Amino acid sequence: MKRTNTFEVVPLSDADEELLRRLLDASAALWNEINHERREHYADPGGDVWDISEYRGRYGGTLGASTVQQIERKNREAWRSFFALQKKGEANGKPGYWGNAEDGRELRTYIRNTSYTVEWGEYSRLEILVGHDLKDEYGLGYRERLRLEVRGEPNWKEYDKQGRLELFWDENAQTFRAFQPVTIDNSRLAHPLADETAALDIGANNLVACSTSTGTQLLYEGRNLFERFRETTREIARLQSLLDDGRYSSHRIRSLYRRRTRRRDHAQDALARDLIERLHDEGVSTVYVGALTDVLDTHWSVEANAKTHNFWAFRQFIDRLACTAEEYGISVEVRSEAWTSQECPNCGSTDRTTRHRDTLTCPCGFGGHADLTASETFLRRHQNSERSDWRTRHAVSRQRQTDVARPMARPVRLKWNDHDWSESPRSCSNEERTNPQVASVGR
């Protein structure tokens, strides 16, 4: 099973940082040259994008022959992906450049799995191969590698095999980062502690509302995240409007795009990890997630569309959630959640309910948090469906149970602080009435 370790990389001296930056800049220059040649071949009716020049002679002394090979291979993979998407009618542009010499290149490289080592411990470190010209210039021995400090706790210190290392400068965090793909044995994965279930309502303002069959409810707020996403989008549009005719981007615009994406991805990665760890502690073995098509069909608007498509990157998040859940033996199933956000859990009405901001109300007397109510309704619907299927398969006659989930406790509200999701002491509005039983008592 493949997983990825992510960690921060810190040079041990100013000279080491200068060497590292030159290595990454040369890698970007190599990528751009290869990519330019392939784009030229692509534009030529008789050209062959796979037929490129030999670059090891020019770049091997700086990068090392194996790194030159990895960048060539990575660029080839990008073009193969482009042609595959083009065949499906989904391609949105040829592989791009990693910046340019005038505006600044994207500092990035790829190191072959045999050309680096990582040691974990009290003083974790990363050692990478560099070309002999840089070794001579910076005083490294013939067999010596550039040694860098590693910060951060990896998820997988023990693995069977390591893959190609991606090393880059993170402009947003102003630090060097590394992605290390690893292959682990399935025996290292955790297992569900029980057979409970959970349902997620993925929304625009609240990223995830979760209800579990144990009675726990979780709410991950997203307003601040989306506002920052939208502010960056507006700044990108402003800068694009100032470009000269014929220009479509700039170093600043590309930097903002990268910052916007990485900020979102960081929050989503942390959300998936935090959520799955909490659900594992609850004994959850199955998580139901609402299909995005249901959200767009019932609540489409320009703003909602921007949130669900551009900001949320729904399919990417579900893949990330499923990947994390797999580590704990939890399955993720995408199911229809049609009308759950409008259904009154007290009387079952969908046409009489009213949603205003985060609140769902019904003339029958129910009032509660809309997203949490939707996740609870979603949970009950599929639990009842699963029980119905089980009864049919086993021909067991039982009295129909309508309230499968246990009474919900006070929801846990979580907010993002740019580093992790932490519990907020503030309660959800009307949250004590999100459970129909509680609502009827309160009235």
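Because the structure is a prediction, the values reported are computed rather than measured.

### Topic: the overall build of the protein chain
Check the secondary structure of the protein chain and you find 11 helices and 20 strands. When each of the 443 residues of the protein chain is scored for burial, the buried share is 47%. Within the protein chain, contacts between residues at least 6 apart in sequence are counted, and of these 70% link residues at least 24 apart. Carbon together with sulfur atoms contributes 45% to the accessible area of the protein chain, which is approximately 22400 Å² in total.

### Some thoughts on the sheet that holds strand 19 (residues 412-416)
Spatial ordering of the open sheet is given by 15-14-11-12-13-19-20, a layout of seven strands whose pairing is mixed. Looking at which strands have only one partner, the edges of the open sheet turn out to be strand 15 (331-335) and strand 20 (421-424). Strand after strand, the sheet turns through a mean of 25° between neighbouring axes, direction not considered. For strand 14 (residues 284-290) and strand 15, the ladder comprises five bridges, and the chain directions are parallel. In the sheet register, Val-289 faces strand 15, and the bridge partner there is Val-334.

### Observations concerning the sheet that holds strand 16 (residues 354-356)
With antiparallel pairing, the three strands of this open sheet are ordered in space as 16-17-18. Looking at which strands have only one partner, the edges of the open sheet turn out to be strand 16 and strand 18 (367-369). Across the sheet, the axes of successive neighbouring strands diverge by a mean angle of 25°, strand direction being ignored. Bridge analysis of strand 17 (residues 359-361) against strand 18 gives three bridges, and the strand direction is antiparallel.

### What to know about the pairing of strand 13 (residues 217-221)
For strand 13, the buried fraction is high: five of the five residues fall into the buried class. Residues of strand 13 alternate between two faces, with Gln-217, Leu-219 and Glu-221 on one and Leu-218 and Tyr-220 on the opposite face, all of them buried. Here strand 12 (residues 206-212) pairs with strand 13 via five bridges, running antiparallel. Bridge pairing links Asn-206 to Glu-221 in strand 13. Pairing of strand 13 with strand 19 involves three bridges; the strand directions are parallel. Across the sheet, the residue bridging to Tyr-220 is Leu-414, located in strand 19.

### A word on helix 2 (residues 56-63)
Residues Tyr-59, Gly-60, Gly-61 and Leu-63 constitute the buried set of helix 2. In this structure, the buried side of helix 2 is in contact with helix 1 (14-43), helix 3 (65-88) and helix 4 (132-138). Just past helix 2, the residue Gly-64 takes up positive phi, approximately 95°.

### Some words on the packing of aromatic side chains
Enumeration according to the criterion identifies 15 aromatic pairs in this entry. Their ring planes at 50° and their centres at 5.3 Å tell us that Phe-168 and Phe-179 sit as a pair that is tilted. Here Phe-168, found in strand 9 (residues 165-170), pairs with Phe-179, found in strand 10 (residues 175-183); they are 11 residues apart in sequence, far enough to count as distant. Plain terms: the ring middles of Phe-226 and Phe-229 are 6.3 Å apart, the flat faces sit at 20° to each other, and that makes the pair stacked. One end of the pair is Phe-226 and the other is Phe-229, both in helix 5 (residues 223-241) and three residues apart, which spans about a single turn.

### Topic: the pattern of salt bridges
According to the stated counting rule, one finds 30 salt bridges in the structure shown. When the shortest N-O distance is used, the salt bridge between Arg-21 and Glu-17 registers 3.2 Å. Here the residue Arg-21 and the residue Glu-17 both occupy positions in helix 1, the gap between them amounting to four residues, near one helical turn. Given the relative accessible area of 28%, Arg-21 is considered partly exposed. A salt bridge links Arg-105 to Asp-25; its shortest N-O distance comes to 2.9 Å. Taken together, the residues Arg-105 in strand 3 (residues 104-105) and Asp-25 in helix 1 connect sequence positions 80 residues apart.

### A short note on the side chain of His-369
Along the chain, His-369 turns up in strand 18. By relative accessible area, which is 1% here, His-369 ends up buried. Among the polar contacts made by the side chain of His-369, one reaches the main-chain amide nitrogen of Asp-371 at a distance of 3.4 Å.

### Digging into the pairing of strand 20
Across four bridges, the pairing between strand 19 and strand 20 is antiparallel. What sits directly across from Lys-415, in strand 20, is Ser-422. Connecting the antiparallel pair strand 19 and strand 20 is a turn made up of four residues, with Asp-418 showing a positive phi of about 80°.

### Description of the environment of Arg-380
Mapped onto the elements, Arg-380 comes out in helix 10 (residues 370-394). Classification of Arg-380 by relative accessible area gives buried; the value is 9%. Considered as a pair, Arg-380 and Ala-199 are 181 residues apart in the sequence and their alpha carbons are 8.7 Å apart.

Calculation criteria
- Residues numbered from 1 in each chain as written.
- Predicted model: local features only at pLDDT ≥ 70, side-chain atom pairs only at ≥ 80, totals over all residues.
- Heavy atoms only, no water.
- Helix = DSSP H or I, 4+ residues; strand = E, 2+ residues; numbered from the N terminus.
- Buried < 20%, exposed > 50% of the residue type's maximum accessible area, 1.4 Å probe, protein only.
- Contact = heavy atoms within 4.5 Å.
- Areas by Shrake-Rupley, 256 points an atom, 1.4 Å probe, with all protein chains shown as cover.
- Pairing = 2+ DSSP bridges.
- Axes fitted to C-alpha atoms, helices over the stretch in contact; angles between N-to-C directions.
- Phe/Tyr/Trp six-rings, centres within 6.5 Å; stacked < 30°, edge-to-face > 60°.
- Salt bridge = Lys/Arg side-chain N within 4 Å of Asp/Glu carboxyl O.
- Polar contact = N/O pair within 3.5 Å; in protein donor to acceptor, adjacent residues only side chain to side chain.

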